[in-house]
Structure formats: structure tokens, C-alpha cells
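# Structure assessment
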There are 2 protein chains.
Amino acid sequence: MTLRVAIVGLGKIARDQHVPSIAAVDGVELTAVASRNASLPGVACFATLDEMLERADLFDAVALCTPPQVRHGQALAALSAGKHVLLEKPPGATVSEVAPLVALARRNGVVLFATWHSRFAPAVEPARTFLASTTVRSVRIEWKEDVRKWHPGQEWIWEPGGLGVFDPGINALSIMTAILPRPVFLTQSDLFFPANRAAPIAASLAFADGHGVPVAAEFDWRETSGEIWNIVVETDAGTLTVADGGKRMRVDGALRVDEPDREYAAIYRRFAGLAADGAVDVDLSPLQHVADAFLLGRRRVVDEFVES
Amino acid sequence: MTLRVAIVGLGKIARDQHVPSIAAVDGVELTAVASRNASLPGVACFATLDEMLERADLFDAVALCTPPQVRHGQALAALSAGKHVLLEKPPGATVSEVAPLVALARRNGVVLFATWHSRFAPAVEPARTFLASTTVRSVRIEWKEDVRKWHPGQEWIWEPGGLGVFDPGINALSIMTAILPRPVFLTQSDLFFPANRAAPIAASLAFADGHGVPVAAEFDWRETSGEIWNIVVETDAGTLTVADGGKRMRVDGALRVDEPDREYAAIYRRFAGLAADGAVDVDLSPLQHVADAFLLGRRRVVDEFVES
């Protein structure tokens, strides 16, 4: 049976990823869109989720591609209407707001799927398998990109709850928490705030695992020489590198995985599978680490950020 | 059987509360202390927890009264040595670090007790019972005190992880999460940082419960006219006030509970009970709200804080 999906929020991530991936995956179909300013040809379009829910017969599931600050109320409305819900990452503006949504989904027998798209990158599962049978000695994460290139005009990312550089950084944390054999926790956090902004443009983090394995992460939005999205794990079986956001995996330099990005197609295949089973899939650990990074963070002030 | 307790960290909270409460409660006994700079007459004294653990025959349980930034390693060491562990609030410098401790305690069959002392105030259980059978319309929390009076010379509270005004504010949150019939989550957070400090001296928070009930909290360390530690809940059965940090309860102004503070005696009675059962008691929700408040917080700069 086809899962009929409605998208809420027709911004960059919806247009770049959700719309084409839904079209590419068998068993899912885009049948409605709610967006204040935009519409799609050939699909029922509504200005708001509330108006769309008045035509609840048109869709089975809602994909929330709106900013995290407004997503909770939308998830509540969609779950209450008996719709399956897919949450873009992060699953909430706070950690605490998600548990009541999980409880509501379970009560209503519908899916809540908190997606972490980077976990569907091709190198992630092979890296997890490799690390499960080795001893980890250290982990070094570098996640650096140019905010002007990747978030043009997205003012909300600079607001409280918009996460700043943790918007991409949480992708690294979603891979880290998926591949490391033991849980880690933050021990030090330096957050670099532009003098004129309410969210950090860079972060320097240290984690521990309670067994002396050091984990360091550097997130930076000021990288203009090209993207650096790498996780390097030193092990007793060699150096594992998850490179290019998870598209490639190397062991001691030798290429083991090299595949194109099909993360969102995998997400929608999984969403259809969850809907068939009526299962909930919510892991909050990447967002928990970000909340901890703010809780424990030392604020450093850096140059003002002006988009253009 | 008597539970033999060792205290780590002989600071203000240990001397004011833990030592006299252990002495006052049947079934618990103070047999060791680890402190860099202080000692107690009639009790085995050690400079560090590690040295104390070499005389592990002297005690069954460890009460960690050290600052949260160093408590995780100490809890790990004590649990690994097969000792029951009591954590002063907050249970960690981060939320993520506590789950591995819970798992370790369960593996070793010992107690991990994350205490929230304000939950043992005399008005808390009566307030919870009252609210369980009413409809809540709004909640207003005021938690205001003079930091110079209550935290003299405690520089660590101004460091990242020291929580600033959330050190007392988390007491209010621990009562709030104990008495309200539905979970709440943060929707707005304004944090007031002295220009020369890394932790907030005041906070203004708004929560929601997904059902339209507004919850507002004001924490302030600049209150010099006396302590204000009140939670006011408007309900369809009248106005409930949990006053004076939980020592008094009023309904529509009429005094229903008025008892002296015996929070820490109740804590040690509970610790002895948990040790008899080998149970874990860890609720992270108050700390989770604080982490969310930092995650979602908008930073406001206020006057420098100079202690004297």
C-alpha cells in the first residue's frame, strides 16, 4: 500500500531532498503540501497545516520540514489527527518536548520518526560494524563548511533554538552516536558566538567515554575552502575514516566505501516500513549532546557575522 | 543493618545538611570523609576518594557532595568499587553522563540515588495529591534569593557547568516536575548573565504542556529583601501555593501544611531504604529542563557581579 505523504514547510531541505526522494522511492507518494509562500504543481496545496488537516483524507503521513521552534505544535496536531509524523532533524527545539510526542504517537498507534539523515549515509553501517569488533583509542571529528553556501538567508538558524553551527554539527553527532560502541558524554565545550548573533558559528567539544578514550569535535561555519565532514577513529585495527559526510569510508587510507548520497531515499523507505509496522523510531542522543554543549558551554565572542 | 556512609566533599552543603542529617537518622552512620582541606573529629579522614577507596571496608555507601563538574569520575570509581552512591543535585554536569552510571549501578547491583532535596520538603507530596484531582489553569514560579548570602565564596557556581541561578532554580524545577500532573517543556528562555561571569544570575522561563496551560518561572539571585521560594498553581479547586521552598502549603490562602525543613533526614531514610532493596532512583527531568533552558536561551547581559 502506498504511503501518501504531506510536506509541511517548503524550504530548502524540502525542495532539495524530500520532494525528489519521495518521487524516487516506490511505496511513497507526495499528495499535499502546506506552505505559507510556496506551492508545488500537481499537488494539493494549503497555506497552513490546520487547513491541510481539514482535508485529512488526502494523506496518511506528515513530513515536518519547518524550523524546530515551531515543529512541536505541528507534530501534536498531526499525531492527534491520527497521522504518521516524520520529523526533520533536530526532533525538537528542546529535548523535553519530544517525550510527550512519543507517548501520543504510541497512544494513537501511529508512527513518530525522528530522522537523522546522516545516519543513512552509505559509510555509517560499515563503520559501525568495523568498530564493533575493534578497540577504539581516540576519535577526532571535523565538521566544517561555509554557512553562506549552505544556509543562505536562513535567519532562523541564528536565533535561540536554531542551533547555529550545531545545525550541521548535529549530523556529525548523529553519526558518532551510531558508530561508536560505547556511549560518550561531554566534558568540555567552547562555543564561539559572533558578537552580533545569538547562536554559535563554531564549537570545540571534548567528550569522554568513562574508559579514557578521548573524543574531540571541531565544528566551524567559517570554512570557505570547501567542506570538511570527517570522523577519524584510531583503533587497534587501524585508522578508520568516515569521510565526506559519510559517503566514503577508509581504513588506513584504503577506500572501502564510496557511494553517492541517497540518504533521503533511505529515510523514506524506512518511513514506509515503520508505517507498515506502526513503530516509533526516536533517538534523542544527538540533540542531548547539543543541549549538554550549551549547558556546559563557555561562550567566546568572535567577529560579527554579516551574510553579504 | 546500619548503612555506613562516606562523604566526599566537605563543603557548605555537607556540613550544613549531610553531616547533621546522617547523625539524626537511625540506620545510617557517617564512618569516613574525603576532603582535600577539611576533616571531621571521630571519623576516618582521607585527602581523596581514591585513598578512601583503599579502605573500602570502612563504608558501604558514598555521598558525593562535590561540585557537579567532578562528580562523574567519582561516581564511576565508587560504583566500580561496589559502593552505593548518593548524588547531590544536580546529578551531573551534563545529562548524557548519567545514563552510563545508571547502567553501571544496575550491573553491579548497587544503588544510584540522584537526590533532589526540595522534593522531600513537607508540602510537596500534599501538593501533588491536591493537583492530581484538579484541573490546572496556570503555574507561576518565583525563586529568588541573595547569592551573597546563600553561596558565599562559591566561585564554581559561576563556571560553565556550575549552573548559576539554576543551582537554586533547579530546586523549583524538581518540585514542579514532582507535583504537576502533566509533563511540561520549555518554550522560551531568557538568561541574564553578569558581564563578567560565565553563568546566569537570573532567568525568565516559559513552559507549555501541550494543552494550553501556561507555566512561567522567574529565578533571580539579586533578591536582597529576603528569600522568595514560591510556586503558585491556579486550579478549578482554588489557588494552591507551595511556599517557602516547600515548607508551607496554602489553598486559597488557608494554611494546610506548615512544617520545619527535614529534607536531608528524609533523603537519608530513603537512601537506607534503597540500599535495602538495591534499587536505582534517578530522575533527570529537572536537569533536562535546565539543559533545555541553555539550549533555547537568549543571552541578556546585565551588571557585573562582584562578590564583595
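Residues numbered from 1 in each chain as written. Chains lettered and ligands numbered in written order. Predicted model: local features only at pLDDT ≥ 70, side-chain atom pairs only at ≥ 80, totals over all residues. Heavy atoms only, no water.

### Section: the overall build of chain A
Looking only at helices and strands, chain A has nine helices and 15 strands in total. Computed over its C-alpha atoms, the radius of gyration of chain A comes to 19 Å, within 12% of the 19 Å expected for a compact globule of 308 residues. A principal-axis box enclosing the C-alpha atoms of chain A has dimensions of 55 × 45 × 35 Å. Contacts spanning at least 24 positions in sequence make up 71% of the contacts within chain A whose residues lie at least 6 apart. Put simply, chain A shows about 12,200 Å² of open surface, and 48% of that area lies on carbon and sulfur atoms. Taken as two groups, the 30 positive and 38 negative side-chain charges of chain A have centres that lie 2 Å from each other. (Helix = DSSP H or I, 4+ residues; strand = E, 2+ residues; numbered from the N terminus. Rg over C-alpha atoms; globule rule 2.2 N^0.38 Å. Contact = heavy atoms within 4.5 Å. Areas by Shrake-Rupley, 256 points an atom, 1.4 Å probe, with all protein chains shown as cover. Lys, Arg positive; Asp, Glu negative; His and termini not counted. Charge placed at Lys NZ, Arg CZ, Asp CG, Glu CD.)

### Digging into the relation of the copies chain A and chain B
Laying chain A over chain B is done by rotating through 180° and shifting 0.0 Å along the axis; what remains is an RMSD of 0.0 Å. Here the two chains are linked by the operation of a two-fold rotation axis. Of the residues that chain A buries at the interface, 100% are likewise interface residues in chain B, meaning the two copies contact each other through the same surface. (Least-squares fit on C-alpha atoms with pLDDT ≥ 70 in both.)

### A word on helix H8 (residues 263-277) of chain B
Residues and elements named next belong to chain B. Taking 1.5 Å of rise per residue, the 15 residues of H8 would be expected to cover 21 Å, and the 21 Å separating its terminal C-alpha atoms lies within 8% of that figure. Within the span of H8, buried status applies to Glu 263, Tyr 264, Ala 265, Ala 266, Ile 267, Tyr 268, Phe 271, Leu 274 and Ala 275. Contacts from the buried residues of H8 go to strand S1 (3-8), helix H1 (12-24), strand S2 (28-34), strand S4 (61-64), strand S5 (84-87) and strand S6 (112-114). Phi turns positive, to about 65°, at Gly 278, one or two residues after H8. (Expected span 1.5 Å × (residues − 1). Buried < 20%, exposed > 50% of the residue type's maximum accessible area, 1.4 Å probe, protein only.)

### Quick look at the nonpolar core
Among the nonpolar cores identified, the biggest contains 116 residues, and Phe 166 and Phe 219 of chain A together with Phe 166 and Phe 219 of chain B are the most heavily contacted of them. With sequence-adjacent residues up to four places away left out, Phe 219 of chain A is seen in contact with Ile 141, Trp 143, Val 165, Phe 166, Gly 169, Ala 172, Leu 173, Ala 202, Ala 203 and Leu 205 of chain A. (Core = buried A, V, L, I, M, F, W, Y, C linked by side-chain atoms within 4.5 Å.)

### A few points about the pattern of salt bridges
All names here are of chain A. Under the criterion given, the structure shown has 32 salt bridges over all chains. Two residues, Asp 60 and Arg 4, come together in a salt bridge whose shortest N-O distance is 2.9 Å. On the criterion of sequence distance, the pair formed by Asp 60 in the loop between helix H2 (49-53) and strand S4 (61-64) and Arg 4 in strand S1 (residues 3-8) is long-range, its members being 56 residues apart. Arg 4 gets classed as partly exposed once you look at its relative accessible area, which sits at 28%. (Salt bridge = Lys/Arg side-chain N within 4 Å of Asp/Glu carboxyl O.)

### A word on the domain arrangement of chain A
How large an interface is tends to be reported as the accessible area lost when its parts come together. Residues and elements named next belong to chain A. Domain boundaries in chain A define domain 1 (3-114) and domain 2 (118-259 + 291-302). The C-alpha-based centres of domain 1 and domain 2 are spaced at 27 Å. Facing eight residues of domain 1, the contacting portion of domain 2 comprises 15 residues. Carbon and sulfur atoms supply 66% of the area buried between domain 1 and domain 2, which totals about 760 Å² over both sides. (Domains from an automatic or database assignment. Buried area = accessible area lost by both parts, 1.4 Å probe.)

### Side note on the interface of chain A and chain B
If you look at the interface, chain A gives 30 residues, while chain B gives 30 residues. A buried area of about 2,400 Å², summed over both sides, lies between chain A and chain B, and 65% of it is on carbon and sulfur atoms. For Arg 298 of chain A, the salt bridge goes to Glu 159 of chain B, with nearest N and O atoms at 2.6 Å. Remark: the boundary between chain A and chain B carries six residue pairs in polar contact (both at pLDDT 80 or more). Those elements that provide at least two residues to the side of chain A that touches chain B are helix H3 (68-80), strand S8 (185-194), helix H9 (285-295) and strand S15 (298-302) of chain A. If you tally residues by element for the side of chain A that touches chain B, the top one is H9 of chain A, at eight residues. (Polar contact = N/O pair within 3.5 Å; in protein donor to acceptor, adjacent residues only side chain to side chain.)

### A few points about the sheet that holds strand S14 (residues 254-258) of chain B
Residue and element names in this part refer to chain B. Pairing is mixed across the open sheet formed by nine strands, whose spatial order is S14-S13-S12-S11-S7-S10-S9-S8-S15. The strands lining the two open edges of the sheet, one partner per strand, are S14 and strand S15 (298-302). The mean inter-strand angle of the sheet, taken between neighbouring strand axes irrespective of direction, is 15°. One ladder, built from six bridges, connects strand S9 (residues 202-208) with strand S10 (residues 215-220); its direction is antiparallel. Within the sheet, the bridge partner assigned to Phe 207 lies in S10 and is Val 215. Against the sheet, helix H7 (residues 166-179) contacts strand S7 (136-144), strand S8 (185-194), S9, S10, strand S11 (228-235) and strand S12 (238-243), and its axis sits at roughly 155° relative to S7. Packed on one face of the sheet, helix H9 (residues 285-295) meets S8 and S9 and runs near 70° to S8. (Pairing = 2+ DSSP bridges. Axes fitted to C-alpha atoms, helices over the stretch in contact; angles between N-to-C directions.)

### Topic: the packing of aromatic side chains
Residue and element names in this part refer to chain B. Counted according to the given criterion, the structure contains 16 aromatic pairs over all chains. An angle of 50° between the planes, with centres 5.4 Å apart, marks the rings of Phe 166 and Phe 294 as tilted. Here Phe 166 is found in helix H7, whereas its partner Phe 294 is found in helix H9, with 128 residues between them in sequence. Take Phe 166 and Phe 294: they sit in the same class, and that class is buried. (Phe/Tyr/Trp six-rings, centres within 6.5 Å; stacked < 30°, edge-to-face > 60°.)

### Looking at the UniProt feature "domain: Gfo/Idh/MocA-like oxidoreductase N-terminal" (unreviewed entry) in chain A
Taking the UniProt record as the reference, the feature "domain: Gfo/Idh/MocA-like oxidoreductase N-terminal" (unreviewed entry) is found at residues 3-113 of chain A. Secondary structure across residues 3-113 of chain A comprises 38% helix and 23% strand; the distance between its end C-alpha atoms is 14 Å. (UniProt positions renumbered as here; feature names shortened; annotations may be inferred.)

### Quick word on the environment of Met 176 of chain B
Residues and elements named next belong to chain B. You can see Met 176 is positioned in helix H7. Classification of Met 176 by relative accessible area gives buried; the value is 1%. A C-alpha to C-alpha distance of 14 Å links Met 176 and Phe 219, two positions 43 residues apart in sequence. For Met 176, the residues in contact, after removing those within four places along its chain, are Ile 141, Val 184, Phe 207, Val 215, Ile 231 and His 289.

### Remarks on the packing of H9 of chain A against H9 of chain B
Interaxial distance between H9 of chain A and H9 of chain B falls to 8 Å at its minimum, and their mutual angle equals 75°. As summarised for this structure, H9 of chain A and H9 of chain B are arranged roughly perpendicular, according to the angle between their axes. Contacts from Leu 287, Gln 288, Val 290, Ala 291, Phe 294 and Leu 295 of chain A of H9 of chain A reach H9 of chain B at Leu 287, Gln 288, Val 290, Ala 291, Phe 294 and Leu 295 of chain B. The residue inventory of the contact of H9 of chain A with H9 of chain B, partitioned by class, reads 10 nonpolar, two polar and no charged. (Parallel < 35°, antiparallel > 145°, perpendicular 65-115°, else oblique. Nonpolar A, V, L, I, M, F, W, Y, C, P; charged D, E, K, R; others polar.)

### Some details on the confidence of the model for chain A
In this model, chain A carries a mean pLDDT of 96, and residues with pLDDT of at least 70 account for 100%. Predicted complex metrics record ipTM = 0.94 and pTM = 0.95. (pLDDT = per-residue confidence, 0-100.)

### As for unusual backbone geometry
For the bond running from Lys 89 of chain A to Pro 90 of chain A, omega is -10°, close enough to zero to count as cis. Looking at the secondary structure, you find Pro 90 of chain A in the loop between strand S5 (84-87) and helix H4 (98-108). We note that Asp 244 of chain A has phi near 55°; this positive angle belongs to a residue other than glycine. Residue class for Asp 244 of chain A comes out partly exposed when judged on its relative accessible area of 27%. In the Ramachandran plot, Asp 252 of chain B falls in the positive-phi region, its phi being about 50° despite a non-glycine side chain. Relative to the assigned elements, Asp 252 of chain B resides in the loop between strand S13 (248-251) and S14.

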